[in-house]
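Chain and residue survey
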Amino acid sequence: MNEQTEIDCPVRSRAPERTRREFIFTSMGALAATSVFAAAPAGEKPLVRFAIVSDTHYADHDSTKPPGEVRAFRESPRKLRECVEVMNARRPAFVIELGDFIESTGPLARDLQTLERIESEFARFKGPRYHVPGNHDFEAFTRADYLSRVVNTGIPADRSYYSFVSGSVTFLALDHGYDADGRPFGRGFAPWNRGHLSEEEFAW
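One structure accompanies this document, and this report is about it. This one's a predicted model, so the numbers in the text were calculated from it and none came from an experiment.

Taking strand neighbours across the sheet as the criterion, the three strands line up as S1-S2-S3 in an open arrangement whose pairing is parallel. Two strands bound the open sheet, and with one partner strand each, they are strand S1 (51-53) and strand S3 (129-131). The sheet shows a mean angle of 20 degrees between the axes of neighbouring strands, taken without regard to direction. Of the strands in this sheet, S1, strand S2 (95-97) and S3 touch helix H4 (residues 108-122), which is tilted by about 145 degrees from S3.

This part covers H4. In this model, H4 (15 residues) spans 21 Å end to end at C-alpha, consistent with the 21 Å of a helix rising 1.5 Å per residue. Every buried residue of H4 is listed here: Asp111, Leu112, Thr114, Leu115, Ile118, Glu119, Glu121 and Phe122. Those residues of H4 that are buried are in contact with S1, helix H3 (76-90), S2, S3, helix H5 (135-140) and helix H6 (143-147).

Scanning the model with the defined rule gives 14 aromatic pairs in all. Geometrically, the ring pair formed by Phe94 and Tyr130 is edge-to-face, given 5.7 Å between the ring centres and 80 degrees between the ring planes. In this pair, Phe94 sits in the loop between H3 and S2 while Tyr130 sits in strand S3, placing the two residues 36 residues apart along the sequence. We note that Phe94, like Tyr130, is buried. Of the aromatic side chains, those joined through ring pairs into one cluster are Phe50, Phe94, Tyr130, Tyr162, Phe164 and Phe171. Taking the ring centre of Tyr178 as reference, the NZ or CZ of Arg143 above it sits at 4.3 Å. The ring of Phe189 carries Arg183 above its face, with NZ or CZ at 3.6 Å from the centroid.

Calculation criteria
Residues numbered from 1 in each chain as written. Predicted model: local features only at pLDDT ≥ 70, side-chain atom pairs only at ≥ 80, totals over all residues. Heavy atoms only, no water. Pairing = 2+ DSSP bridges. Helix = DSSP H or I, 4+ residues; strand = E, 2+ residues; numbered from the N terminus. Axes fitted to C-alpha atoms, helices over the stretch in contact; angles between N-to-C directions. Contact = heavy atoms within 4.5 Å. Expected span 1.5 Å × (residues − 1). Buried < 20%, exposed > 50% of the residue type's maximum accessible area, 1.4 Å probe, protein only. Phe/Tyr/Trp six-rings, centres within 6.5 Å; stacked < 30°, edge-to-face > 60°. Lys NZ or Arg CZ within 6 Å of the ring centre and 35° of its normal.

As structure tokens, this is what we get:
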């Protein structure tokens, strides 16, 4: 395990590779900084060390979708707690969660409780933390509901896209939750393969 990948957390995703790649590419401009980091000569101090969590898909229910693949949604809080313990020991500059924080079970009140539960585990991290909403989050919530239950350190609570500085690097977190015609994703409308940035973000 090399220096660039030493933070190894026990939260795993079984999302298809293409889906995961497209989501990360369209939602997190900060990955450009990872390329800079990886390109540093051997032995040179990295610009910044940070940790990534993705696709916890927490829900208080069981599922076998797709057939034959058991997804242990109820295990997510325990796994995330273990992950945060590792991160607290390794002390990265920050941790960012790249979406699909929960798996919607239907009723809004239940989904909000689910989000609050998994966020409480994420909040155990002793440092700055950030979120980028994924399509499963948009399936469950409006932006306002989602943003009212998560914390992005130092960022206004109503911002779904934002920037922050860590070390000498400026990171951009982008909101890809819009259709091609500008229609915002929100509870019940979040096609995973049709995400776009808003015109407002491009102007920003």
